[in-house]
Amino acid sequence: MKAIRVHEFGAPEVMKLEEIPAPRPAAGQVLVCVHATGVNPADTYMRSGNYAIKPPLPYTPGVDAAGIIEAVGAGVTRVKPGDRVYTSGSLTGTCAEYAVALESQVHPLPERISFAQGAGIYIPYGTAYRALRQIARARAAETVLVHGASGGVGLAAVQFARAAGMTVLGTAGTPQGLELIQREGAHHAFDHRAPGYTDGILKATAGRGVDVILEMLANVNLGADLKLLATRGRVVVIGSRGDVTITPRDVMVREASIHAFTLWGIPPADAADVHAAILAGLDNATLRPVVGKELPLAEAPRAHTEVMESHAFGKIILIP
Ligand code: NAP
């Protein structure tokens, strides 16, 4: 089968399309015929070698995918060959024509969701739900700012928050991104590249501030976020690419809190909650993964370069 292989950590070009034997599922495992695989920023951090998770070399990148169960190992009962699934990780990597996963790493993909959309589910929607509902414990009447709403996690957060009855403020850095986040449910959209845009955010809350901020770029925004919070507001740091200075007094006077997490550490009971919420939202169409771009698997280096650039517009998907 064709697969992307990484033999050394480094720039996107270390990823090569190679022919390798297809893996076979052992007991408790399934073989997925991969129809689409999603590209997440974390895939690029891993490939660079500068990340907490450093796979043994050589490896095949990719966590999120969608496809069809090709075969199952002994003892597998939850899925059968022919089932449509999305993955939350795998044992062999998803940037390939086939991937072996644990039975617990595959989840039903409703008919109405395309494989390309299915490849943009787990990390974006899992992260958004965990941040919004499990960490911030946001409630229906609250106001949520999705700071960086035009990418994978941001759009998922906008959709979850809107469906739950919250007032949703979102930011993007391009006209297309601003239009997209409003189409997907943001009541108010702000350009995070425009000088003074945070004044507009405060104005939209009549000066009260927002209850919850989901932050995609904390090293740039955390200091300003703390001045945008309402009393007992919560910031959840989802993404950060460097250091930042904050004024602790901004947290004190608001009795506010700063939370942070990585999806890798999610406890099994919370993961079950995440997948149930995702399935319900996909079924009732409140969740609609946005595919910005589809590229052939061989263009994995380009996909890794582009996912780290600005101008996000939903997900970048690779097709084996
Ligand atoms: P993505 O699809 O590449 O989207 C990046 C988002 O950041 C876009 O909406 C982009 O907007 C926005 N952005 C750019 N400059 C910004 C600024 N100055 N202020 C606010 N937002 C800005 O990435 P993603 O998959 O959504 O992930 C977002 C971040 O969360 C990444 O850093 C990722 O590593 C991290 N993450 C963490 C976890 C976790 O477990 N904690 C899980 C998933 C992702 P424009 O391009 O429109 O400017």
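Our subject is the structure listed above.
Keep in mind the model is a prediction, meaning the values are calculated, not measured.

Caption draft 1: Structural view of the sheet that holds strand E13 (residues 257-260). Taken in spatial order, the six strands line up as E10-E9-E8-E11-E12-E13 in an open sheet, and their pairing is parallel. Only two strands of the sheet have a single neighbouring strand rather than two, namely strand E10 (188-191) and E13. Mean inter-strand twist for the sheet, computed between neighbouring axes without regard to direction, equals 20 degrees. Alignment of strand E9 (residues 167-172) against E10, held across four bridges, turns out to be parallel. When the bridges of E10 are listed, Ala172 appears paired with Asp191.

Caption draft 2: Molecular detail of a nonpolar patch on the surface. Residues Val244, Ile246 and Ile258 make up a contiguous nonpolar surface patch of about 190 Å² in total accessible area. Looking at the element boundaries, Val244 is found in the loop between strand E12 (229-237) and helix H8 (248-254). Val244 sits in the partly exposed class, given a relative accessible area of 35%.

Caption draft 3: Just the site of the ligand, in detail. As a matter of local geometry, the ligand sits amid 28 residues, with Tyr45, Ser150, His192, Leu263 and Ala312 nearest to it. The contact in question runs from an oxygen atom of the ligand to an N or O atom on the side chain of Ser150, over 2.7 Å. Gly151 places a polar main-chain atom, nitrogen or oxygen, 3.1 Å from an oxygen atom of the ligand. A total of 930 Å² of accessible area belongs to the ligand in isolation, and the protein chains cover 89% of it.

Caption draft 4: Highlighting the side chain of Arg47. Structurally, the position occupied by Arg47 is in helix H1 (residues 41-48). Salt bridges are absent for the buried Arg47, whose nearest opposite-charge side chain, Glu13, sits at 7.1 Å. A polar atom in the side chain of Arg47 sits 2.8 Å from the backbone oxygen of Gly10. Not counting the four nearest positions on each side in its chain, Arg47 is found in contact with Val6, Phe9, Gly10, Ala11, Pro12, Val14, Met15, Tyr59 and His304.

Caption draft 5: Summary view of helix H3 (residues 122-135). Taking 1.5 Å of rise per residue, 14 residues should cover 20 Å, yet H3 covers just 17 Å from first to last C-alpha, more than 12% shy of that figure. Counted residue by residue, H3 has 13 buried out of 14 residues, so it is predominantly covered. Two residues or fewer past H3, Arg137 is found with a positive phi of approximately 50 degrees.

Caption draft 6: A look at the packing of H3 against helix H9 (residues 268-283). Packing of H3 against H9 leaves a shortest axis separation of 10 Å and a crossing angle of 110 degrees. As far as their axial angle goes, H9 and H3 are roughly perpendicular. Together, Tyr122, Tyr125, Gly126, Tyr129, Arg130 and Gln134 of H3 and Asp270, Asp273, Val274, His275, Ala277 and Ile278 of H9 make up the contact between the two elements. Of the residues that constitute the contact of H3 with H9, the class distribution is six nonpolar, three polar and three charged.

Caption draft 7: Representation of the pattern of salt bridges within the structure. For the structure shown, the criterion picks out 14 salt bridges. Here Glu142 ties to Arg139 by a salt bridge, and the two come within 3.7 Å at their closest N and O atoms. The closest approach of N and O atoms between Glu184 and Arg288, which form a salt bridge, is 3.0 Å. A residue pair is termed long-range when its members are at least 10 positions apart, and Glu184 in the loop between helix H5 (175-183) and E10 and Arg288 in the loop between H9 and strand E14 (291-296) qualify at 104 residues. Linked by salt bridges that have partners in common, Lys293, Glu299, Arg302 and Glu306 make up one network.

Caption draft 8: Spotlight on the side chain of Ser150. With respect to the helices and strands, Ser150 occurs in the loop between strand E8 (143-147) and helix H4 (152-163). Note on Ser150: relative accessible area 7%, which makes it buried. Among all residues touching Ser150, those that are not within four sequence positions of it are Leu155, Thr171, Ala172, Gly177, Leu180, Ile181, Ala312, Phe313 and Gly314.

Here is what the cut-offs are and how they apply
Residues numbered from 1 in each chain as written. Predicted model: local features only at pLDDT ≥ 70, side-chain atom pairs only at ≥ 80, totals over all residues. Heavy atoms only, no water. Pairing = 2+ DSSP bridges. Helix = DSSP H or I, 4+ residues; strand = E, 2+ residues; numbered from the N terminus. Axes fitted to C-alpha atoms, helices over the stretch in contact; angles between N-to-C directions. Patch = residues over 30% accessible without salt bridge, like charges linked within 9 Å, V, L, I, M, F, W, Y side chains within 5 Å. Areas by Shrake-Rupley, 256 points an atom, 1.4 Å probe, with all protein chains shown as cover. Salt bridge = Lys/Arg side-chain N within 4 Å of Asp/Glu carboxyl O. Buried < 20%, exposed > 50% of the residue type's maximum accessible area, 1.4 Å probe, protein only. Near = heavy atom within 4 Å. Polar contact = N/O pair within 3.5 Å; in protein donor to acceptor, adjacent residues only side chain to side chain. Lys, Arg positive; Asp, Glu negative; His and termini not counted. Contact = heavy atoms within 4.5 Å. Expected span 1.5 Å × (residues − 1). Parallel < 35°, antiparallel > 145°, perpendicular 65-115°, else oblique. Nonpolar A, V, L, I, M, F, W, Y, C, P; charged D, E, K, R; others polar.

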